[in-house]
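A structural walkthrough
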Amino acid sequence: MNSRTEQRIALISVHGDPAIEIGKEEAGGQNVYVRHVGEALAQLGWQVDMFTRKISEEQQTIVQHSANCRTIRLQAGSVEFVPRDNLFGYLPEFVKNFLAFQKENGFTYPLIHTNYWLSSWVGMQLKKIQGSKQVHTYHSLGAVKYNTIKTVPLIASTRLAVEKEVLETAERIVATSPQEKEHMRSLVSTKGNIDIIPCGTDIRRFGWIDRQAARAELGFDSEDKIVLYVGRFDPRKGIETLVRAVGQSEFRDNRNLKLIIGGGSVPGQSDGMERERIEEIIAELGMQDFTTLPGRLSQEILPSYYAAADVCVVPSHYEPFGLVAIEAMASYTPVVASDVGGLQFTVVPEATGLLAPPQDVDAFATAIDRILGNPEWREKLGKGGRQRVESKFSWDGVASQLGELYTEILQTKVEEKEAVLLSS
Ligand code: UDP
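Predicted model, so just to flag it, every value in this text is computed and none were measured.

Considering unusual backbone geometry
Phi is positive for Glu350, which is not a glycine, with a value near 70°. Residue position: Glu350 is located in the loop between α12 (343-346) and β14 (353-356). Exposure remark for Glu350: the relative accessible area of 45% places this residue in the partly exposed category. Residues other than glycine seldom take positive phi values, yet Gln359 does so here, at roughly 65°. In this structure, Gln359 sits in the loop between β14 and α13 (361-372).

Below you can see the structure in the form of structure tokens.
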């Protein structure tokens with residue numbers, strides 16, 4: 001047994017349930033991150049409990065993922081889905097129920113890794129109440145986000161204040177890219193400790209199926225030119241830019257062009273409305289005959305979609321990291337992405353794909369066509385992407401960096417205790 005075995009840690013993700021279906025409204029990168037980090041840390045010998053908010057009576061309260069890793073759903077407010085911008089008022093109850101859970105089970109978590117600003121507030125309370133050490137990953141920064149949207153929500157000033165406080169008080173902040181760290185420093189605070197540890201992907205799940213086998217499985221032709229989007233339906237994801245860019249592709253008159261827009265949505269909810277808006281643009285540009293919207297792509301089928309594509313496009317207005325880019329790269333598929341945030345870190349222009357200014361339809365069209373028009377180069381970019389992911393972005397590597405960070409912080413705690421004992 002190494003010294004880490006039996007060491008308990010809590011990952012808190014109030015609004016991003018790590019045990020839920022990915023690809024629907026509000027379920028995206030954060031859920032994937034927490035789930036994979038949790039499972040990989042458990043493999044390394046940590047006892048990992050991931051806390052989230054229960055949103056339906058049908059949900060199990062505790063989901064056991066593996067021997068040392070489980071999701072625990074706490075009640076906070078009524079048991080129903082509440083959009084994240086309206087969740088802040090429920091957090092004191094979340095803290096109360098977290099403390100009750102600890103009491104019932106007879107232990108306290110010495111280290112808490114919080115995700116997104118809502119959870120950071122929970123972590124800061126636990127730090128005050130019981131001295132837990134806090135590691136925090138933002139996943140999104142209010143200071144960046146509010147620059148890119150027209151209507152700022154009522155909760156904005158609270159969020160900005162909480163994001164500043166956690167940066168200045170947590171033992172460590174995990175930035176997932178150098179670009180995110182830079183934004184924290186320039187827009188949030190010059191105080192506080194930041195480490196850069198990227199997000200990861202499962203290099204065994206992606207990249208095992210080759211392009212032709214994947215196309216055969218999905219019913220595409222080997223001659224097709226396939227452009228793929230994977231992600232949530234949210235205006236900030238820039239799907240409109242992609243559709244308009246493909247609409248002016250020089251390959252459009254060639255019968256083999258295919259545009260696939262994968263992602264879940266619920267009619268009437270905000271993602272359902274965005275899907276409808278995108279479908280209207282597709283109709284307006286006369287693109288229905290070569291565009292498909294297959295809905296949510298399950299984790300099982302995703303590797304085939306990425307592998308089948310000639311190019312995967314990530315046209316976000318802003319992206320703190322962007323898991324989709326590294327999933328495509330792990331699948332030997334070049335990426336055309338917006339020249340923003342974490343995408344500037346993951347995508348290396350001319351080596352693993354291309355970057356284009358966000359919302360610039362002409363630039364996206366040119367970049368996509370450059371790749372579609374040169375299959376040999378596409379292969380080369382695909383291999384470059386796979387290599388980059390293997391060397392920098394595997395979950396195992398990410399989890400071991402996080403594990404080292406936790407060990408260092410917990411060690412400091414032991415040293416602090418010893419110092420107190422010596423001085424008393
Ligand atoms: N995803 C999925 N099925 C879908 C759409 C998305 O499994 O139909 C997953 C995708 O594979 C990725 C995550 O959702 O792991 C999206 O993460 P990303 O960081 O790209 O964006 P976010 O949702 O955090 O804005």
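Picking up where we left off.
Digging into the pairing of strand β5 (residues 111-115)
Among the five residues in β5, five count as buried, and that is most of the element. Where burial is concerned, the two faces of β5 agree: the one with Leu111, His113 and Asn115 and the one with Ile112 and Thr114 are both buried. By the bridge criterion, three bridges tie strand β1 (residues 8-12) to β5 in an arrangement that is parallel. Following the sheet pairing, Leu11 is matched in β5 by His113. Bridging between β5 and strand β6 (residues 133-137) involves five bridges; their strand directions are parallel. Bridging from a neighbouring strand, Asn115 pairs with Thr137 of β6. For the handedness criterion, the β-α-β arrangement of β5, helix α3 (residues 116-130) and β6 is classed as right-handed.

Some words on the pairing of strand β9 (residues 225-230)
β9 sits mainly inside the fold: six of its six residues count as buried. Burial of β9 is two-sided: the residues Lys225, Val227 and Tyr229 facing one way and the residues Ile226, Leu228 and Val230 facing the other way are all buried. Two elements, β9 and strand β10 (residues 257-262), share six bridges in a ladder whose sense is parallel. Looking at β10, one finds that Val230 is bridged to Gly262. Handedness of the β-α-β unit built from β9, helix α8 (residues 239-247) and β10 comes out right-handed.

So, the sheet that holds β1
Spatially, eight strands are ordered β3-β4-β2-β1-β5-β6-β7-β8 in an open sheet, and the strand pairing comes out mixed. With one partner strand each, in any of the chains shown, β3 (62-66) and β8 (194-196) form the two edges of the open sheet. Taken pair by pair, the neighbouring strands of this sheet meet at an average axis angle of 25°, ignoring direction.

Some details on the site of the ligand
Among the 20 residues in the neighbourhood of the ligand, the closest are listed as Gly29, Arg232, Lys237, Leu297 and Glu327. For the ligand, an oxygen atom lies 2.8 Å from a polar atom in the side chain of Gln299. Burial of the ligand by the protein chains amounts to 92% of its free accessible area of 540 Å². In terms of residue count, helix α11 (residues 323-330) provides more of the shell around the ligand than any other element does, three residues in total. Along the lines of polarity and charge, the residues of the shell around the ligand split into eight nonpolar, seven polar and five charged. The residues that make up the shell around the ligand include at least three from each of domain 1 (8-200 + 394-423) and domain 2 (211-392).

Description of the domain arrangement of the protein
Here the protein is partitioned into domain 1 (8-200 + 394-423) and domain 2 (211-392). Distance from the C-alpha centre of domain 1 to the C-alpha centre of domain 2: 30 Å. Each partner contributes to the interface: domain 1 provides 28 residues, whereas domain 2 provides 21 residues. Linking domain 1 with domain 2 are one residue pair in polar contact (both at pLDDT 80 or more). Only α1 (29-43), α4 (142-148) and α6 (178-188) provide two or more residues apiece to the side of domain 1 that touches domain 2. For the side of domain 1 that touches domain 2, the element with the highest residue contribution is α6, accounting for four residues.

What to know about the packing of α8 against α13
At their nearest, the axes of α8 and α13 sit 8 Å apart, and the two run at 60° to each other. Between α8 and α13, the crossing angle belongs to the class labelled oblique. Our pair here, α8 against α13, has a crossing hand that is right-handed. Judged by residue contacts, Thr241, Leu242, Arg244, Ala245 and Val246 of α8 engage Val361, Phe364, Ala365 and Ile368 from α13. Taken together, the residues of the contact of α8 with α13 sort by class into seven nonpolar, one polar and one charged.

Here we look at the UniProt feature "domain: Glycosyl transferase family" (unreviewed entry) in the protein
Mapped onto this structure's residue numbering, the UniProt feature "domain: Glycosyl transferase family" (unreviewed entry) falls at residues 210-388. Helix makes up 43% of residues 210-388 and strand 16%, and the two end C-alpha atoms of the span are 18 Å apart.

Quick notes on the UniProt feature "domain: Glycosyltransferase subfamily 4-like N-terminal" (unreviewed entry) in the protein
When the UniProt feature table is mapped onto this chain, "domain: Glycosyltransferase subfamily 4-like N-terminal" (unreviewed entry) is found at residues 28-205. Within residues 28-205, the helical portion is 43% and the strand portion 20%, while the C-alpha atoms at the span's ends are 18 Å from each other.

Regarding the packing of helix α2 (residues 91-105) against α3
Between α2 and α3, the shortest axis-to-axis distance is 10 Å and the interhelical angle comes to 50°. The orientation of α2 with respect to α3, classified from their angle, is oblique. The handedness of the crossing between α2 and α3 comes out as right-handed. Packed against α2, whose contacting residues are Leu91, Pro92, Phe94, Val95, Phe98, Leu99 and Gln102, the element α3 presents Leu118, Trp121, Val122, Gln125, Leu126, Ile129 and Gln130 at the interface. Of the residues assigned to the contact of α2 with α3, the class counts are 11 nonpolar, three polar and no charged.

Remarks on the sheet that holds strand β12 (residues 311-314)
Spatial ordering of the open sheet is given by β11-β10-β9-β12-β13-β14, a layout of six strands whose pairing is parallel. Where the open sheet ends on each side, the last strands, each with one partner, are β11 (291-295) and β14. Here the strands of the sheet are splayed against their neighbours by 20° on average, with no regard to which way each runs. Bridging between β12 and strand β13 (residues 335-338) involves three bridges; their strand directions are parallel. Paired with Cys312 across the bridge in β13 is Val335.

Cut-offs and rules
Residues numbered from 1 in each chain as written. Predicted model: local features only at pLDDT ≥ 70, side-chain atom pairs only at ≥ 80, totals over all residues. Heavy atoms only, no water. Helix = DSSP H or I, 4+ residues; strand = E, 2+ residues; numbered from the N terminus. Buried < 20%, exposed > 50% of the residue type's maximum accessible area, 1.4 Å probe, protein only. Pairing = 2+ DSSP bridges. Right-handed = clockwise from strand over helix to strand, strands pointing away. Axes fitted to C-alpha atoms, helices over the stretch in contact; angles between N-to-C directions. Near = heavy atom within 4 Å. Polar contact = N/O pair within 3.5 Å; in protein donor to acceptor, adjacent residues only side chain to side chain. Areas by Shrake-Rupley, 256 points an atom, 1.4 Å probe, with all protein chains shown as cover. Nonpolar A, V, L, I, M, F, W, Y, C, P; charged D, E, K, R; others polar. Domains from an automatic or database assignment. Contact = heavy atoms within 4.5 Å. Parallel < 35°, antiparallel > 145°, perpendicular 65-115°, else oblique. Left-handed = near helix turned anticlockwise from the far one by under 90°. UniProt positions renumbered as here; feature names shortened; annotations may be inferred.

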